[in-house]
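# Structure at a glance
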Amino acid sequence: MKIGVLLKQVPASDARIKIADPSTGIDTADIKWEINPYDEYALEAALQLKDAKQASSVVVLTVGGADADQRIRDALARGADAAVRLDDPAFEGSDCLGIARILAAAAKAEGVELLLAGKQAIDGDNAQVPGMVAELLGWGNISVVDKLEFADGTVKAWRASGGGARDVVEASLPLVITCDKGLNEPRYASLKGIMMAKRKKIAVKGAADLGLDPSTVGAAAALVVEDNWSLPPERPAGRILEGDDATRVKELVRLLRDEAKVI
Amino acid sequence: MYYRPPLDDIRFVLRAFDYEGTVSSMPGFEDFDLDTAMDLLEGYSRFCVDVLQPLNAKGDAEGVRFVPETHEVFLPDGFKEAWAGYCENGFTSLPFDPEYGGLGAPFTLSTLASEILIATNKSLSMCAGLTTGLLDALEAHASEPLKQRFMEKLVSGEWAGTMCLTEPHCGTDLGLLTTRAEPYGDHYKLTGTKTWITFGEHDLTDNIVHLVLARLPGAPSGTRGISTFVVPKYLEDGTRNPVFCGGTDHKMGIHASPTCVMNFEGAEGWLVGEENRGMVSMFTMMNAARLNVGIEGVALAEAAYQAALEFARDRRQGRSLDPAKQDPDHPADIILVHPDVRRMLLEIKATNEALRGLVGWMSMHYDIMHRHPDEATRAKAGDLVALLTPIIKSYGSERGFYNISQAMQVMGGAGYTRDWPVEQYMRDERIAMIYEGTNHVQALDLVGRKLPMGGGRLMRGFAAEITEVIRRNADSELLAPFIAALKTESKRLNETTMAMSAEAMKDHELIGAVASNYLNQFALVTLAYVWVRELEAVVDLPEDDRLRRGKLQTARYFFDLVLPEAAMYAEKVAAGKAAMTEFDAELF
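Bear in mind the structure is a predicted one, so any value in this text is a computation, not a measurement. (Residues numbered from 1 in each chain as written. Chains lettered and ligands numbered in written order. Predicted model: local features only at pLDDT ≥ 70, side-chain atom pairs only at ≥ 80, totals over all residues. Heavy atoms only, no water.)

The subject of this paragraph is the overall build of chain A. The helix and strand inventory of chain A stands at 8 helices and 13 strands. Overall, chain A is about 65 × 45 × 40 Å in size when its C-alpha atoms are taken along their principal axes. In chain A, which comprises 263 residues, the share counted as buried stands at 40%. The contacts of chain A with a sequence gap of at least 6 include a subset with a gap of at least 24, amounting to 69%. For chain A, the exposed surface amounts to about 14,000 Å²; the carbon and sulfur share of it is 51%. Separation of charge centres in chain A, based on 33 positive and 40 negative side chains, amounts to 5 Å. (Helix = DSSP H or I, 4+ residues; strand = E, 2+ residues; numbered from the N terminus. Buried < 20%, exposed > 50% of the residue type's maximum accessible area, 1.4 Å probe, protein only. Contact = heavy atoms within 4.5 Å. Areas by Shrake-Rupley, 256 points an atom, 1.4 Å probe, with all protein chains shown as cover. Lys, Arg positive; Asp, Glu negative; His and termini not counted. Charge placed at Lys NZ, Arg CZ, Asp CG, Glu CD.)

Here you go:
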């Protein structure tokens, strides 16, 4: 079984985000990039399946420019066997559906049977692409998985379904699974892994290589238009309640009821 | 609050001092081009920041635990697992021979990596550093069977190493040491007590290998009668060798680095190198170890600077005295507007970036001195390393401590509390001025050994480097003020050196009185040279380039406000010894 891992680079979670121009988005000049943290769980899950000899190889699929190569190399250094970076002027300005079309085409071209992805990317927080990829491929999709078992082509996955309840889902391949925190502890690239990653090639493919109609992706095909970028309002300072416990509890209940209106 | 490894500046240093032209172009290093080097350092940084840094304050607060009944020493929870992860990722193996499981990377990279390790967890860095020192000594001096027996497990980090030099009555003066080694079959039994043994006993590894200085029966007195032995905690058949920890010291800083008294009670040991030539093995590891101590200052000053800068960008107190800089949206301005806050931050930035450059440049010379195919080139690199290592150790640690203090000053009372990491950095750094040869010993090494060596050959070699960089940039309008200052100060240093050397020929005691001030003058001129080299590497960038602006503006601070100290030190050297030596002892 060949596993594909959908990997996206995102601004580091501690980056100071600035808006460059309200019509175009954030200023990326001083941004440090990292692998989307949830994608790291997906990569680790794939590598563990490979370590357990349940997968034959792991290929990383990324939509992006050459500036994403560093993150892809990191994934290769951790143990992924190959990587395909999907890059074409026709892909510029794709919305989630456009990205999903590119990734679905790449997954098909690579002949993968299982796609692992993060439950969401921490930049746009859309959480849409993996589900759309599954739909486009006609595969099943299990989302927000924090425990995974795999035997004889059957997957058993655990997920939180809200209110403390948990779903246990069994499904067979092919599948798209999105991964949540808690699934595993992502490994670090070893020095030998980093040296070995130098010898692995990052394939770059465009619309023509994937047999993808360029008019179905990119800005022209986008159904979602992004405009009026602004930073979220600054969080107001916290409040510390004074007095003894009885007074403070009483005051806290009052505030939660009358001001926050949550009880 | 976080520390971000200065990978951009490290890449810049490698580029500015032509890493690819001088190091990765040498045979055996072809795989380690600049991009690969940075990939390795980036991977390394990620682990250090994620895993080692969170343990730093915990290690400081909890310290090590000594169990007298069993002679065991335990590090705080989490350290054993962190060390295992560090080894699993191959980080201990970076510079060593692939024959013993090493990665075979240039020494330059392990030196630059150690800045990141120290900044994230100085205590744990001591374990890695001592093991590296032991490996250097074994690689250079041990017999083949000893190498086969010990190196692989030390390279992988399964075993850790120590250096056992000091005894209760002899620290700086090693000639006094009394630990004895009696012949025992084909090897020896060692008896004696060693003190200040870093990571002498701990629970991180399965075995601990000690490099021990001791005397053979009938050995000459003084340093000419010292031999080196390797003594493992566990012997090959698993028997416990009688070398036991007798206690750990309670120190100002590096609390998670156990500093042990080690008792050798007839412990079996094997001779490393030749009889009575132990000081040679010791000096093999000494240069690299001293370079590393200088880096400690750079590492912790960088971490302190980042904390202080973050604080200064956030903390609002007072109004800018320039109305144009006042922020009308707030009742007070961020303290970064105040010139004195900028002065303190720039004191750190302007010296620390230059020290990092110096460390990078020197570590490249380590690689050249060991690996270059041409003998003359190797010798020339060796001269520079010998000359500038005491500068890096001494000035790096002294300036590092001062710089951390400046960072604390920026933060006011907050910096003095445990809510911020700066007070720990300050305590952890202070030892760097003392160990691996006190800073005064470095100054004596510079003045008493390095300057006279080869009839002044080392100094002439460095002066030629300065002359060359001045010549190369003679036509640069942009660099003219920097070149002029470097010219003036190198000339002044030359005059100080000549005058001091002439006097010292007649009066040896003078050296003891002026050497420390002389070293500081020398260091400042060296940093000015490094700055010019760094500026050379940015002049051709576009004018609005962030790196170019940053380096030019930082260098400006250095030349305007730090380099003038060189003249002050020259005056102190010129003052001679009288104020110290003629002071009546009973008046102290």
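After that view, the rundown keeps rolling.
Okay, the overall build of chain B next. Secondary structure summary: chain B contains 20 helices and 9 strands in total. For 588 residues, the compact-globule estimate of 2.2 N^0.38 gives 25 Å, and the C-alpha radius of gyration of chain B, at 24 Å, lies within 12% of that figure. Based on the C-alpha atoms only, the size of chain B along its principal axes is roughly 80 × 60 × 60 Å. Considering chain B as a whole, with its 588 residues, one finds that 57% of them fall into the buried category. Residue pairs at least 24 apart in sequence account for 74% of intrachain contacts in chain B once pairs closer than 6 positions are excluded. When the accessible area of chain B is evaluated, it comes to approximately 24,000 Å², of which 53% is carbon and sulfur surface. Charged side chains of chain B number 56 positive and 83 negative; the gap between the two group centres comes to 4 Å. (Rg over C-alpha atoms; globule rule 2.2 N^0.38 Å.)

Attention now goes to the sheet that holds strand β11 (residues 165-172) of chain A. All names here are of chain A. Reading across from one edge, β11-β10-β9-β12-β8-β1-β6-β7-β13 is the order of the 9 strands in this open sheet, with mixed pairing throughout. Two strands bound the open sheet, and with one partner strand each, they are β11 and β13 (202-205). Averaged over all adjacent pairs, the angle separating strand axes in this sheet is 35 degrees, with direction ignored. As paired elements, strand β1 (residues 2-6) and strand β8 (residues 114-118) share 3 bridges and run parallel to each other. (Pairing = 2+ DSSP bridges. Axes fitted to C-alpha atoms, helices over the stretch in contact; angles between N-to-C directions.)

Turning our attention to the interface of chain B and chain A. On the chain A side, the residues contacting the 24 residues of chain B number 19 residues. Summed over both sides, the interface between chain B and chain A buries roughly 1,900 Å², with carbon and sulfur atoms accounting for 52% of that surface. When the buried area of chain B at its contact with chain A is split by residue, Arg4, Asp39 and Asn89 of chain B rank highest and sum to 27% of it. The partner of arginine 199 of chain A in a salt bridge is aspartate 31 of chain B, and the shortest N-O contact between them spans 3.5 Å. (Buried area = accessible area lost by both parts, 1.4 Å probe. Salt bridge = Lys/Arg side-chain N within 4 Å of Asp/Glu carboxyl O.)

We now examine helix α1 (residues 37-51) of chain A. Residues and elements named next belong to chain A. Over its 15 residues, α1 runs 21 Å from end to end, which matches the ideal 21 Å to within 8%, given 1.5 Å per residue. A large share of α1 lies buried, amounting to 11 of its 15 residues. Once α1 finishes, lysine 53 follows within two positions and takes phi at roughly 60 degrees, a positive value. (Expected span 1.5 Å × (residues − 1).)

On to the environment of arginine 277 of chain B. Locating arginine 277 of chain B in the fold gives a position in the loop between β9 (259-272) and α9 (278-314). Taking the C-alpha atoms as reference points, arginine 277 of chain B and methionine 163 of chain B, 114 residues apart in sequence, are found 16 Å from one another.

Residue and element names in this part refer to chain B. All chains considered together, the criterion is met by 20 aromatic pairs over all chains. Both rings, one in tyrosine 188 and one in phenylalanine 229, keep their centres 5.2 Å apart while their planes meet at 65 degrees; by these two values the pair is edge-to-face. Note that tyrosine 188 is positioned in strand β5 (residues 187-198) and phenylalanine 229 in strand β7 (residues 227-232), a separation of 41 residues in sequence. By relative accessible area, phenylalanine 229 is classed as buried at 0%. Aromatic side chains phenylalanine 558 and phenylalanine 559 sit 5.6 Å apart centroid to centroid with 75 degrees between the ring planes, which places their arrangement in the edge-to-face category. In this arrangement the basic side chain of arginine 149 is found over the ring face of tryptophan 270, its NZ or CZ atom lying 4.0 Å from the centre. (Phe/Tyr/Trp six-rings, centres within 6.5 Å; stacked < 30°, edge-to-face > 60°. Lys NZ or Arg CZ within 6 Å of the ring centre and 35° of its normal.)

In this section: the side chain of aspartate 9 of chain B. All names here are of chain B. Take aspartate 9: it is sitting in helix α1 (residues 7-16). Within polar-contact distance, the side chain of aspartate 9 engages the side chain of arginine 356 at 2.7 Å. Setting aside chain neighbours within four positions, we find aspartate 9 in contact with Glu353, Arg356 and Lys551. (Polar contact = N/O pair within 3.5 Å; in protein donor to acceptor, adjacent residues only side chain to side chain.)

So, about the confidence of the model for chain B. Overall, the predicted model of chain B reaches an average pLDDT of 96, with 100% of residues at or above 70. In the model output, the complex is listed with pTM 0.92 alongside ipTM 0.88. (pLDDT = per-residue confidence, 0-100.)

Attention now moves to the nonpolar core. Residue and element names in this part refer to chain B. Residues Leu388, Tyr518, Phe522 and Phe558 are the most contacted members of the largest nonpolar core, which totals 189 residues. Looking at this core element by element, the count peaks at 18 residues for helix α17 (residues 508-536). The residues touching tyrosine 518, leaving out its near neighbours within four places in the chain, are Leu446, Val447, Leu451, Met459, Leu493, Thr496, Thr497, Met500 and Val573. In this structure, Leu130, Leu146, Leu177 and Met282 belong to the second largest nonpolar core, which totals 31 residues. (Core = buried A, V, L, I, M, F, W, Y, C linked by side-chain atoms within 4.5 Å.)

The next thing to look at is the pairing of strand β7 (residues 82-86) of chain A. Residue and element names in this part refer to chain A. Of all 5 residues making up β7, 4 are buried, and the element is well covered by its neighbours. Here 5 bridges tie strand β6 (residues 57-63) to β7, and the two strands are oriented parallel to one another. Paired with valine 60 across the two strands is alanine 83, which belongs to β7. In terms of handedness, the path from β6 via helix α2 (residues 69-78) over to β7 forms a crossover that is right-handed. Pairing of β7 with β13, which is carried by 4 bridges, proceeds in the parallel orientation. Pairing of arginine 85 across the sheet is with valine 204, part of β13. (Right-handed = clockwise from strand over helix to strand, strands pointing away.)

Right, let's get into unusual backbone geometry. Residue and element names in this part refer to chain A. Cis geometry is found at the peptide bond from leucine 173 to proline 174, where omega equals -5 degrees. In this fold, proline 174 is placed in the loop between β11 and β12 (175-179). Phi at asparagine 228 takes a positive value of approximately 55 degrees, unusual for a residue other than glycine. As for its placement among the helices and strands, asparagine 228 is situated in the loop between α7 (218-221) and α8 (245-259). Its identity is not glycine, yet lysine 261 carries a phi of approximately 55 degrees, on the positive side. With respect to the element layout, lysine 261 can be found in the segment after α8.

What the rule picks out here adds up to 61 salt bridges over all chains. In this structure, aspartate 180 of chain A and lysine 119 of chain A form a salt bridge, with 3.5 Å as the shortest nitrogen-oxygen distance. Of the two residues, aspartate 180 of chain A is situated in the loop between β12 and α5 (191-197) and lysine 119 of chain A in the loop between β8 and α4 (129-137); the sequence distance between them amounts to 61 residues. A relative accessible area of 15% places aspartate 180 of chain A in the buried class. If you follow the salt bridges from partner to partner, you end up with Asp9, Glu115, Glu302, Lys349, Glu353, Arg356, Glu534 and Lys551 of chain B in one network.

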